[in-house]
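Take a look at the letters that make up each chain.
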Amino acid sequence: MTTQHSELPAQPLTRLSEDEQLFRDSVYEFADREIRPLVREMDEQAKIPKALIDKLFDLGVMGIEVPDSFGGGGASFFHSVLAVEALSRVDPSIGVLVDVQNTLVINALVRWGNEDVRKRYLPKMAADTIGAYALSEAGSGSDAFAMTTRAAERDGEWALTGRKLWITNANEADVFIVFANVSPEAGYRGITAFLVERGFSGFTVGKKEDKLGIRASSTCELLFDDCRVPRANVLGEVGKGYKVAIETLNEGRIGIGAQMIGLAQGALHHAMAYTRERKQFGKAIAEFQAVQHQIARAATELEAARLLVYNAARLRDSRQPFLTEAAMCKIFSSEVAERVASLAVNLFGGYGFVKDYPVEKLYRDAKIGQIYEGTSNLQLQTIAKQLLG
Ligand SMILES: Cc1cc2nc3c(=O)[nH]c(=O)nc-3n(C[C@H](O)[C@H](O)[C@H](O)COP(=O)(O)OP(=O)(O)OC[C@H]3O[C@@H](n4cnc5c(N)ncnc54)[C@H](O)[C@@H]3O)c2cc1C
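Only a predicted model underlies this, so the values are computations on that prediction, with no experimental measurement involved.

Within the chain one finds 11 helices and 10 strands. For the chain, whose C-alpha radius of gyration is 22 Å, the value lies close to the compact-globule estimate of 21 Å for 389 residues. The buried share among the 389 residues of the chain stands at 52%. The contacts of the chain with a sequence gap of at least 6 include a subset with a gap of at least 24, amounting to 75%. Across the chain, the centroid of the 45 positively charged side chains sits 3 Å from that of the 50 negatively charged ones.

Quick look at the structure:
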């Protein structure tokens, strides 16, 4: 058949450019050297040491998409996905710290910040400042726009009153993107995004949650009591915060997909190493065909999940529609992560059930993938809406 061979064929999705490969390898190497020895202690103490956070800034993974002119990496969204995957393979708590910083906070600042906001905040984010993204409340999770946090104009500033719940990075963050409604009578068209700094009067970081998984990642309540925010700290436009929220989360959930494939890769790696070593009935358990098939199926599911995640990220970077693909990648990869981590626990036998081995933690960590940044039911709702109208 005489087809047009002048065009190069499209690149395989998992084929990395030289730059992507070097970046990914540097994060892999860092995760094994600097994070792995701390994983158990961080999980037990529910804390990430400041020294490790400083090293993450030095590595350049805290400002991946911040333009070079503001001191960041000037890299793509796909680079953020590679970093989150590589870190989550070792510790999904570090994965989500880096994920929220890049795919939610910096992403929103780059996209919605005016020149003044970008100049004031992006250099800090790339250098030493952690960000958090505060949408959810006690009474509004999936129905996020039913929020009750309010903002009113007072003395030439904005005054925020209300509470946010479940805010990742809140313990370490100095900058918070906070969503509040300036005119509840306008419904979601009153929602506005504000940039709140830790030191603003009337703002307090509240109770830290004691969690099942990703325990080292902080999750806290935020309290706003007549919290004063300068007018210049509105992110985007007044009344357009709903767009900031939706569009940022549409992208952010690809990052959660990356966290989940990293987690599954970590669990599979431990399962393969262990089954080659552990002997029963006189041979390595990896020699039993039943075990081989379980591992082969897990690897196949992981590959499918990775293709969904990489495709969604590459679609986003090439400015093509990616809403359905992002929802699909999140639901599928979070389910695969739970299945693969569960298999890893099974293959470790009794040793899989105790904290001396790493797989019980990955099993606990996997559960959150089906909850945050839109539960699985909400992802299915998004996919169905695109398919069926
Ligand atoms: C560890 C952790 C970190 C988090 N980090 C952040 C953060 O940084 N920033 C932030 O803003 N939020 C954060 N969240 C909040 C998270 O996004 C919400 O928990 C999530 O969106 C679900 O909301 P909810 O907990 O209120 O559950 P609900 O919305 O009450 O849902 C409960 C159940 O009902 C189902 N359900 C709800 N509505 C429907 C529907 N229409 N159709 C079918 N089923 C439905 C859900 O799928 C779920 O199974 C975090 C949560 C956790 C646990």
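Moving on to the environment of Ile214. Looking at where Ile214 falls in the secondary structure, it is placed in the loop between strand E6 (203–208) and strand E7 (219–230). Residue class for Ile214 comes out buried when judged on its relative accessible area of 3%. For the pair Ile214 and Ile368, spaced 154 residues apart in the sequence, the C-alpha separation amounts to 7.9 Å. Beyond its immediate chain neighbours, meaning those up to four positions away, Ile214 contacts Pro92, Ser93, Val96, Gln259, Asp365, Ile368 and Tyr372.

In this section: the packing of helix H7 (residues 241–277) against helix H8 (residues 289–317). As a packed pair, H7 and H8 sit with axes 9 Å apart at the nearest point and diverge in direction by 155°. One element, H7, and the other, H8, form an angle in the roughly antiparallel class. Considering only the axes of H7 and H8, their crossing is left-handed. Only Val291, Ile295, Ala298, Ala299, Leu302, Ala305, Arg306, Val309, Tyr310, Ala312, Ala313 and Arg316 of H8 make contact with H7, whose side of the interface consists of Glu251, Ile254, Gly257, Ala258, Ile261, Ala264, Gln265, Leu268, Ala271, Met272 and Thr275.

Attention now goes to the site of the ligand. In the vicinity of the ligand, 19 residues are found, and the nearest of them are Ser136, Ser142, Trp166, Thr168 and Thr375. Contact distances for the ligand include 2.7 Å between a nitrogen atom and a side-chain N or O atom of Ser136. At a separation of 2.6 Å, an oxygen atom of the ligand approaches a polar side-chain atom of Thr375. Across the complex, the protein chains shield 64% of the 970 Å² of accessible surface that the ligand would expose by itself. Elements that contribute at least two residues to the shell around the ligand include exactly strand E1 (131–134), strand E3 (157–168) and helix H11 (376–388).

Considering all chains together, one arrives at 37 salt bridges under this definition. As a salt-bridge pair, Glu157 and Arg228 come within 3.3 Å of each other at their nearest N and O atoms. With Glu157 in strand E3 and Arg228 in strand E7, this residue pair connects regions lying 71 residues apart in the sequence. Since its relative accessible area comes to 27%, Glu157 is described here as partly exposed. Given a relative accessible area of 18%, Arg228 falls into the buried group. Here Glu303 and Arg306 are joined by a salt bridge, their closest N and O atoms 3.7 Å apart. Remark: Arg306 and Glu303 occur in helix H8; sequence separation between them is three residues, near one turn of the helix. Under the relative-accessibility criterion, Glu303 is labelled partly exposed at 36%.

Moving on to the pairing of E1. Of the two faces of E1, both are covered, the one formed by Gly131 and Tyr133 as well as the one formed by Ala132 and Ala134. Here E1 runs beside strand E4 (residues 175–181); their pairing, made up of four bridges, is parallel. Considered in E4, the bridge of Ala134 is made with Val178.

Turning next to helix H4 (residues 77–88). With 12 residues, H4 should reach 16 Å at 1.5 Å per residue; the first-to-last C-alpha distance of 17 Å fits that figure. Counting buried positions along H4 yields 12 of 12 residues, so the element is predominantly enclosed. Where the residues of H4 are buried, they touch helix H1 (18–35), helix H3 (50–59), helix H5 (92–112), H7 and H8. Of the residues flanking the start of H4, the one acting as N-cap is Ser76, its side-chain oxygen 3.3 Å from the backbone nitrogen of Phe78.

Moving on, we come to the packing of aromatic side chains. Evaluated as defined, the whole model comprises 12 aromatic pairs. Taking the centre distance of 5.0 Å and the plane angle of 15° together, the rings of Phe203 and Phe224 count as stacked. Taken as a pair, Phe203 in strand E6 and Phe224 in strand E7 lie far apart in primary sequence, 21 residues in all. Note on accessibility: Phe203 and Phe224 belong to one class, buried. Relative to Phe348, the ring of Tyr274 has its centre 4.2 Å away and its plane inclined at 15°; by these criteria the two rings are stacked. Linking Tyr274 in helix H7 with Phe348 in the loop between helix H9 (323–347) and helix H10 (359–366), this pair joins segments that are 74 residues apart in sequence. Overall, Tyr274 belongs to the buried group, its relative accessible area being 10%. What makes Phe348 buried here is its relative accessible area of 4%. Through a chain of ring-to-ring contacts, the aromatic side chains of Tyr274, Phe348, Tyr351 and Tyr357 assemble into a single cluster. The ring of Phe78 is capped by Arg314, whose NZ or CZ atom sits 3.8 Å from the centre of that ring.

The rules behind the values
- Residues numbered from 1 in each chain as written.
- Predicted model: local features only at pLDDT ≥ 70, side-chain atom pairs only at ≥ 80, totals over all residues.
- Heavy atoms only, no water.
- Helix = DSSP H or I, 4+ residues; strand = E, 2+ residues; numbered from the N terminus.
- Rg over C-alpha atoms; globule rule 2.2 N^0.38 Å.
- Buried < 20%, exposed > 50% of the residue type's maximum accessible area, 1.4 Å probe, protein only.
- Contact = heavy atoms within 4.5 Å.
- Lys, Arg positive; Asp, Glu negative; His and termini not counted.
- Charge placed at Lys NZ, Arg CZ, Asp CG, Glu CD.
- Axes fitted to C-alpha atoms, helices over the stretch in contact; angles between N-to-C directions.
- Parallel < 35°, antiparallel > 145°, perpendicular 65-115°, else oblique.
- Left-handed = near helix turned anticlockwise from the far one by under 90°.
- Near = heavy atom within 4 Å.
- Polar contact = N/O pair within 3.5 Å; in protein donor to acceptor, adjacent residues only side chain to side chain.
- Areas by Shrake-Rupley, 256 points an atom, 1.4 Å probe, with all protein chains shown as cover.
- Salt bridge = Lys/Arg side-chain N within 4 Å of Asp/Glu carboxyl O.
- Pairing = 2+ DSSP bridges.
- Expected span 1.5 Å × (residues − 1).
- Phe/Tyr/Trp six-rings, centres within 6.5 Å; stacked < 30°, edge-to-face > 60°.
- Lys NZ or Arg CZ within 6 Å of the ring centre and 35° of its normal.

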